[in-house]
Amino acid sequence: MNQQLPTPHKVYTIESITNLRKAKQEELRRSRQRMQSITENLFAPQQSKNKMENLLQHVNAGIAAYDGIRTGMMVLNRIRAFFGKKKKRS
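Definitions and limits used
- Residues numbered from 1 in each chain as written.
- Predicted model: local features only at pLDDT ≥ 70, side-chain atom pairs only at ≥ 80, totals over all residues.
- Heavy atoms only, no water.
- Helix = DSSP H or I, 4+ residues; strand = E, 2+ residues; numbered from the N terminus.
- Expected span 1.5 Å × (residues − 1).
- Polar contact = N/O pair within 3.5 Å; in protein donor to acceptor, adjacent residues only side chain to side chain.
- Salt bridge = Lys/Arg side-chain N within 4 Å of Asp/Glu carboxyl O.
- Buried < 20%, exposed > 50% of the residue type's maximum accessible area, 1.4 Å probe, protein only.

- You'll find the protein entered in an unreviewed UniProt entry as Mobilization protein, with Phocaeicola faecium given as the organism.

This is the structure we're talking about:
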C-alpha cells in the first residue's frame, strides 16, 4: 500500500500574522515609492540650460501636440468614412 506521511502544518499566531502583514505593507510602500520615482524620472521634462533650449523645448512640445491632434483627426475621419457609407432606401 502506498501511504503518505502527514505533512507538518505551520502554526500561525496572531502576532506572526500581524508581523507578516506589517512586513508586506512596508514592502508595498517601498515598491510604490520606487515606481513613483521611476515614473517621475521618465516623464519629467528635461531641464533647459539656457533660453534657447527652453524655447526649442516649447516648440517641440507644440509640434508634438499638433501632430497628435492631426493624427487623431485623420483616424476619426477614416473611421467615419468606413462606417458612414450607408445605403439609401428608395
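On we go.
## A closer look at helix α2 (residues 51–84)
Move 1: The first and last C-alpha atoms of α2 sit 49 Å apart over 34 residues, in line with the 50 Å expected at 1.5 Å per residue.
Move 2: For α2, the side-chain oxygen to backbone nitrogen distance between the N-cap and Met 52 is 3.3 Å, and the N-cap itself is Asn 50.

## So, the pattern of salt bridges
Move 1: Evaluation of the coordinates by the stated rule reveals four salt bridges.
Move 2: Across the salt bridge formed by Lys 24 and Glu 27, the nearest N and O atoms sit 3.5 Å from each other. Of this pair, Lys 24 and Glu 27 both sit in helix α1 (residues 14–43), three residues apart, roughly one helical turn.
Move 3: The exposure class of Lys 24 is exposed, given its relative accessible area of 52%.
Move 4: What emerges from the salt-bridge pattern is a single network uniting Glu 26, Arg 29 and Arg 30.

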